[in-house]
Number of protein chains: 2
Amino acid sequence: MSTNSKEAILTAARGIAQARGYGGLNFRDLADEVGIKAASIYYHFPSKAELGVAVAKRYREDNAAALEALAVETGDPAVCLKRYPETFRSALTNDNRMCLASFMAAEHDDLPEPIRIEIRAFADVNVAWLADRVTEAKIVDAGQSQARARAIFAAISGAQLMARSRDDLALFDHIVADYQAAGLLPI
Amino acid sequence: MSTNSKEAILTAARGIAQARGYGGLNFRDLADEVGIKAASIYYHFPSKAELGVAVAKRYREDNAAALEALAVETGDPAVCLKRYPETFRSALTNDNRMCLASFMAAEHDDLPEPIRIEIRAFADVNVAWLADRVTEAKIVDAGQSQARARAIFAAISGAQLMARSRDDLALFDHIVADYQAAGLLPI
DNA sequence: ACCTGAACACCGTTCAAGT
DNA sequence: ACCTGAACACCGTTCAAGT
């Protein structure tokens, strides 16, 4: 490894957690992927819970940066909304993985509280970003941007979940098109 | 137990799986809840995979029966669509539990194939039922009923997932209202 | 500074044994 | 017919020890 082990652990853990969840993430498989022993992970992270928090935090930060980059790349809010599902789509193209926050939303009952906080923050970032675009694009009455934003976030999450359960990327695209046809998303 | 152990195991396993998933379901806790020992479960189910299939199958059947009952109870397809989210809502009111099929959709990679088949069947039943109501209610052009039906199913699943992650039942209701305001669901 | 092997109480599972 | 205790290879975790 040219990069340090801590980064390699974070990256590998994120990939595993997006495929098998927090519960499905185990230190022996993770260590194998990084090329060290399970006990060595404890040198970098004091517990599975702390590793989970670090993975979720990094995930949220990377996602926030990607959303900001998209907003900067195109100032057109309608284009931003049209491209918003791409992030969720790319998780599916990456071996049918899913959004870490969605998987962990399902695992809510078995999650340490600090991880839950990160998951909520992820949703907050997405809803706030969507609300800004919805407001700029004027696709709903004033005061309804927040409501439409969380509806879009929830709906896209559900589309990804359904597509994943069938390992069917085309289904994700179809559902997004259905949302557009129904008027939830602009066309 | 006045009912037999097999039924008690199925019922308890369903409740646990809706809260912690298939991976979070473990034989010692399950046996404790039923009042037997972990090894005794194997008298009724040959493996965790077979128990999981039985739970998922029963869940799908119960849901199909509930949807049929709703359709019979009221012949009005608009009323049916208005009440469709109730099933998902009641899972949340039951200790913030979620749809078994949604949880298992997330767990897809770690699921035995027979369970995956049940999960797909659950979605098929829901989409078919929704498509019938959408067609009857004439809320979309002919030929678009299936598309709208899967959009509704995916969207409601996503709303439940988001509400669960915040343990916020009111959020579920708000998102459903948002879907109605956006035109995805009839008002 | 970073890693390891061996040990611990937990999982699914098996099996011989109980009633 | 239905249940059990003890055992197995797996988990997260600890810790003393290595380089």
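These remarks concern the structure in this document. Fair warning: this is a prediction, and the values are worked out from it, not measured in the lab.

A few points about the nonpolar core
Core analysis: the biggest nonpolar cluster contains 123 residues, and Leu30, Leu51 and Tyr179 of chain A together with Leu30, Leu51 and Tyr179 of chain B have the highest contact counts within it. Not counting the four nearest positions on each side in its chain, Leu30 of chain A is found in contact with Ile9, Ala12, Ala13, Ile16, Leu25, Ile41 and Leu51 of chain A.

A word on the packing of helix H9 (residues 145-165) of chain A against helix H10 (residues 169-182) of chain A
Working note: a packed helix pair is described by the angle between its axes plus the distance between those axes. Residues and elements named next belong to chain A. The N-to-C vectors of H9 and H10 enclose an angle of 150°; their axes lie 8 Å apart at closest approach. Our classification of the angle between H9 and H10 gives roughly antiparallel. Where H9 crosses over H10, the handedness of that crossing is right-handed. Only Leu171, Phe172, Ile175, Val176 and Tyr179 of H10 make contact with H9, whose side of the interface consists of Ala155, Ile156, Ala159, Gln160, Met162 and Ala163. For the contact of H9 with H10, a count of residues per class yields ten nonpolar, one polar and no charged.

Notes on the side chain of Gln18 of chain A
Inspection of the secondary structure puts Gln18 of chain A in helix H1 (residues 5-24). Looking at Gln18 of chain A, the relative accessible area reads 5%, which means it is buried.

Considering the protein's contact with DNA strand D
Near DNA strand D you find 15 residues, and of these Asn26 of chain A together with Lys37, Ser40, Tyr43 and His44 of chain B are the closest. Near the protein, within 4 Å, the atoms of DNA strand D are sugar or phosphate in 59% of cases. Leu25 of chain A is positioned such that a nitrogen or oxygen atom in its backbone is 3.0 Å from a phosphate oxygen of DNA strand D. One of the side-chain N or O atoms of His44 of chain B is found 2.7 Å from a phosphate oxygen in DNA strand D. Here the residues of the surface near DNA strand D sort into seven nonpolar, five polar and three charged.

Some thoughts on unusual backbone geometry
Phi is positive for Asn96 of chain A, close to 60°, though the residue is something other than glycine. By relative accessible area, Asn96 of chain A is classed as buried at 7%. Here the phi dihedral of Asp95 of chain B falls at roughly 60°; this positive angle occurs in a residue that is not glycine. With respect to the element layout, Asp95 of chain B can be found in the loop between helix H6 (85-93) and helix H7 (100-106). Classification of Asp95 of chain B by relative accessible area gives exposed; the value is 61%.

Digging into the interface of chain B and chain A
Frequently, the measure chosen for interface size is the accessible area that the parts lose on association. Tallying the contact residues gives 41 residues for chain B and 41 residues for chain A. Taken together, both faces of the contact between chain B and chain A bury some 3,400 Å²; the carbon and sulfur share is 59%. One can count eight salt bridges joining chain B with chain A. Between Arg20 of chain A and Asp110 of chain B there is a salt bridge; the shortest N-O distance is 2.7 Å. Of all elements in the fold, only helix H1 (5-24), H7, helix H8 (113-137), helix H9 (145-165) and helix H10 (169-182) of chain B reach the threshold of two or more residues within the side of chain B that touches chain A. Tallying contributions element by element places H9 of chain B first for the side of chain B that touches chain A, with 13 residues. In terms of residue class, the side of chain B that touches chain A is made up of 22 nonpolar, seven polar and twelve charged.

A closer look at H9 of chain A
For the α-helix, the turn length of 3.6 residues means that residues three or four positions removed from each other point alike. Residues and elements named next belong to chain A. The end-to-end C-alpha distance of H9, which contains 21 residues, comes to 30 Å, matching closely the 30 Å that a straight helix rising 1.5 Å per residue would cover. Within H9, 20 of the 21 residues are buried, which leaves the element mostly enclosed by the surrounding structure. Residue Asp167 follows H9 closely and has a positive phi angle near 50°.

A few points about the packing of aromatic side chains
What the rule picks out here adds up to twelve aromatic pairs over all chains. For the ring pair Tyr59 of chain A and Phe122 of chain A, a centre distance of 5.4 Å and an interplane angle of 25° mean the geometry is stacked. Residue Tyr59 of chain A is located in helix H4 (residues 48-73), and its partner Phe122 of chain A is located in helix H8 (residues 113-137); the two are separated by 63 residues in the primary sequence. By relative accessible area, which is 11% here, Tyr59 of chain A ends up buried. Following the ring pairs from residue to residue traces out a cluster consisting of Tyr59, Tyr84, Phe88, Phe122, Trp129 and Phe153 of chain A. In this structure, Lys6 of chain B is placed above the aromatic ring of Phe45 of chain B, and the distance from its NZ or CZ to the ring centre is 5.3 Å. Lying across the ring of Tyr22 of chain B, Lys48 of chain B places its NZ or CZ 4.7 Å from the centre.

Reading guide: rules and limits
Every chain begins its residue count from 1, and numbering advances along the sequence as written. Chain labels run from A onward and ligand labels from 1 onward, assigned in the order the entries are written. Given that the model is predicted, a residue must reach a pLDDT of at least 70 before its local features are reported, and side-chain atom pairs must reach 80 or more before they are shown or counted; all residues, however, enter totals for whole chains, interfaces and linings. Based on all heavy atoms of the structure, the side-chain values leave hydrogens and waters out of the count. The term nonpolar core refers to a set of buried residues drawn from Ala, Val, Leu, Ile, Met, Phe, Trp, Tyr and Cys, joined through side-chain atoms within 4.5 Å. Between buried and exposed lies partly exposed: a residue is buried under 20% and exposed over 50% of the maximum accessible area for its type, with that area taken using a 1.4 Å probe on protein chains only. Here, residues are in contact when the closest pair of their heavy atoms is within 4.5 Å. Here an axis means a line fitted to C-alpha atoms, over the contact stretch when the element is a helix, while the angle between two N-to-C directions is reported on a 0 to 180 degree scale. Note on conventions: DSSP H or I runs of at least 4 residues are helices, E runs of at least 2 residues are strands, and numbering of each starts at the N terminus. When an angle is under 35 degrees it counts as roughly parallel; over 145 it counts as roughly antiparallel; between 65 and 115 it counts as roughly perpendicular; any other value is oblique. Crossing handedness is defined as follows: a turn of the near helix away from the far one that is anticlockwise and smaller than a right angle gives a left-handed crossing, while the clockwise case is right-handed. For this classification, Asp, Glu, Lys and Arg are treated as charged, while Ala, Val, Leu, Ile, Met, Phe, Trp, Tyr, Cys and Pro are nonpolar and the rest, including Gly, are polar. Proximity is defined per residue: if any heavy atom of the residue lies within 4 Å of a molecule or strand, that residue is considered near it. Throughout this description, a polar contact denotes any pair of N or O atoms lying within 3.5 Å of each other; where both atoms belong to protein, one of them has to be capable of donating a hydrogen while the other can accept it, and for residues adjacent in sequence the pair is counted only when both atoms sit in side chains. Buried area: the accessible area, evaluated with a 1.4 Å probe, that two parts lose upon being put together, summed over both parts. We define a salt bridge as a side-chain nitrogen of Lys or Arg found within 4 Å of a carboxyl oxygen belonging to Asp or Glu. Expected helix span is taken as 1.5 Å per residue step, with the number of steps being one fewer than the number of residues. By convention, a stacked pair of Phe, Tyr or Trp rings (six-membered ring in the case of Trp) has centres within 6.5 Å and planes under 30 degrees apart, an edge-to-face pair has planes over 60 apart, and any other such pair is tilted. Either the NZ atom of lysine or the CZ atom of arginine qualifies as a charge over a ring when it sits within 6 Å of the ring centre and within 35 degrees of the ring normal.

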